[in-house]
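# Understanding the architecture of this molecule
The lines below spell out each chain.
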Amino acid sequence: MNKKTGVKILSTGSYVPERVLTNFDLEKMVETSDEWISTRTGIKERRIIDKSQVTSDLAYNASVKAIEKAKISVDDIDLIVVATISGDAPMPSTACYLQKKLKAFNATAFDISAACSGFIYGTSVVKGLIQSGQYKKVLLVGVEALSRVTDWTDRNTCVLFGDGAGAMIFEASEQDDDIVSSYLGSDGSFTELLDIPAGGAINPTTEETVRQRLHFIKMQGKEVFKVAVTKMVEAAFKAQQLAGLSDNDISLYVPHQANLRIIDAVIKKSGINKDKVYINVHKYGNMSAATTIVALDEAISEGKVNKNSLVELVAFGAGLTWGACILRINF
Ligand code: UT7
């Protein structure tokens, strides 16, 4: 029998827009306060995409950094997968817009939609497609321009989100298996807890849907919070169990950065060591599919990930979806 094809992780890269929107700036836009936002979410500021930029520009900037670090040519890339819920347009995929900007014309390109769990879903999709023998060098991007689908008059949501992008490059390998394990889950009975109600088949775009502001993110925050904590703890444990690993084997946890209180609740419920948890929610807010990969890239740049160590990403998001993956970082 042929040796099973594994996956080597070659590099990461990330990019956040330059414009910083602080809690104090938000105080001038809606009835809120730095005090409320800081204590309820841990967020201090977030990055906002420039008027001249679109989602695929953020993805492009993160991808170029990852491609340079991996020392590969764009022509080597045979698959581009983009996880996003705030893409350039409903059609075609943001992956195709990114392909055009990168001039990566030897690649197949498509998007996946799993909201904040999108990057983790992406690692599973990439692993399967590489193992099947169909693709050899893959670019996976988690990217969001959430500011474009945020209702800036709704204080319940507008204080939470930010824009950014992260990228990872993988290659087929006979020696390595850097996507050590992954566990994914979803429950469609919760679709209404977090959604963009209009612009699809349920509520096609009309003057009325625009007037009712139905093209922006709506969320029942408290309900999402509860499911998030339970499912992140479950996913983190299941991904370890699938690989025959335990907390001791994980050198860094990179949880979805939606709310510091959610991260703290996950730490408390799971019993994991707080010192092993990477947090950057104060700087960027919730960048949905981009959060875990931007955080991982920053942790690596800051020297917080030792070579050949195991990192676990854990997330949840609209759907509801959730998941965890354990990655070996060895580059
Ligand atoms: O990636 C997945 C995306 N979603 C999430 O991660 C969100 C999960 N949920 C959360 O993070 C939290 O539920 C929120 C941060 C959204 C809200 O925190 P909370 O502790 O659940 O607050 P709440 O919704 O119960 O609101 C408490 C109060 C309300 O006032 P009343 O009804 O008690 O008078 C809100 O109207 O706080 C009010 N409030 C605000 N006040 C000042 C809501 N938003 C704001 C605001 N500034 N921005």
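Everything here concerns the structure above.
Residues numbered from 1 in each chain as written. Predicted model: local features only at pLDDT ≥ 70, side-chain atom pairs only at ≥ 80, totals over all residues. Heavy atoms only, no water.

### Remarks on the nonpolar core
- Formed by 42 residues in total, the largest nonpolar core has its most connected members in Ile262 and Phe316.
- With near-sequence residues (within four places) excluded, Ile262 lies in contact with Phe225, Ala228, Val229, Met232 and Phe316.
- Formed by 35 residues, the second largest nonpolar core is a distinct cluster that contains Val7, Ile9, Leu79 and Ala114. (Core = buried A, V, L, I, M, F, W, Y, C linked by side-chain atoms within 4.5 Å. Buried < 20%, exposed > 50% of the residue type's maximum accessible area, 1.4 Å probe, protein only. Contact = heavy atoms within 4.5 Å.)

### Things to note about the sheet that holds strand E13 (residues 321-329)
- Taken in spatial order, the four strands make up an open sheet running E8-E13-E12-E11, and their pairing is mixed. If you trace the sheet from one side to the other, it starts and ends with strand E8 (179-186) and strand E11 (250-255), each paired once. When strand polarity is set aside, the average angle formed by the axes of neighbouring strands in this sheet is 15°.
- Judged from the seven bridges that link them, E8 and E13 form a sheet pairing that is antiparallel. (Pairing = 2+ DSSP bridges. Helix = DSSP H or I, 4+ residues; strand = E, 2+ residues; numbered from the N terminus. Axes fitted to C-alpha atoms, helices over the stretch in contact; angles between N-to-C directions.)

### Side note on the site of the ligand
- For the ligand, the set of nearby residues contains 23 residues, the closest of which are Thr32, Arg40, Lys222, Asn259 and Asn286.
- Here Trp36 contributes a side-chain N or O atom positioned 3.2 Å from an oxygen atom of the ligand.
- Taking Gly221, its main chain carries an N or O atom lying 3.0 Å from a nitrogen atom of the ligand.
- Expressed as a share of its isolated accessible area of 950 Å², the protein-covered part of the ligand is 75%.
- Put simply, the parts of the chain that give the shell around the ligand at least two residues each are helix H2 (34-41), helix H6 (155-158), helix H8 (221-242) and helix H9 (260-270).
- Of the residues forming the shell around the ligand, the biggest block, four residues, is contributed by H8. (Near = heavy atom within 4 Å. Polar contact = N/O pair within 3.5 Å; in protein donor to acceptor, adjacent residues only side chain to side chain. Areas by Shrake-Rupley, 256 points an atom, 1.4 Å probe, with all protein chains shown as cover.)

### Here's the deal with the packing of H8 against H9
- Here H8 crosses H9 at 45°, and the two axes come no closer than 9 Å. Taken together, the axes of H8 and H9 are oblique relative to one another. Seen from above, H8 lies across H9 with right-handed handedness. Across the interface between the two elements, Phe225, Ala228, Val229, Thr230, Met232 and Val233 of H8 pack against Arg261, Ile262, Ala265, Val266, Lys269 and Ser270 of H9.
- Across the contact of H8 with H9, the residue classes break down as eight nonpolar, two polar and two charged. (Parallel < 35°, antiparallel > 145°, perpendicular 65-115°, else oblique. Left-handed = near helix turned anticlockwise from the far one by under 90°. Nonpolar A, V, L, I, M, F, W, Y, C, P; charged D, E, K, R; others polar.)

### Some remarks on empty space enclosed by the protein
- Taken as a whole, this structure holds one cavity of 30 Å³ or more when the rule is applied.
- Of the voids in this model, the largest cavity is the one considered here, and its volume is about 90 Å³.
- At the level of secondary structure, the elements contributing two or more residues to the lining of the largest cavity comprise H8, E11 and H9.
- It is H9 that provides the largest number of residues to the lining of the largest cavity, a total of four residues.
- Grouping the constituent residues of the lining of the largest cavity by class yields eleven nonpolar, one polar and no charged. (1 Å grid on protein atoms, 1.4 Å probe; cavity = no way out; pocket = protein on both sides within 12 Å on 5 of 7 lines; lining within 4 Å. Points joined across faces, edges and corners; volume = space filled by probe spheres on them.)

### As for the environment of Ser93
- Within the element layout of this structure, Ser93 appears in the loop between strand E4 (79-83) and helix H4 (94-102).
- Here Ser93 is in contact with Ala109, Phe110 and Asp111, once residues within four sequence places are set aside.

### Let's talk about the packing of helix H3 (residues 55-70) against H4
- Between H3 and H4, whose axes approach to 9 Å, the crossing angle comes to 55°. Classified by the angle between their axes, H3 and H4 sit oblique to one another. Relative to H4, the crossing made by H3 is right-handed. Along its contact with H3, which presents Thr55, Ser56, Asp57, Ala59, Tyr60, Ser63, Val64 and Ile67, the element H4 presents Thr94, Tyr97, Leu98, Lys101 and Leu102.
- Of the residues contributing to the contact of H3 with H4, the split by class is seven nonpolar, four polar and two charged.

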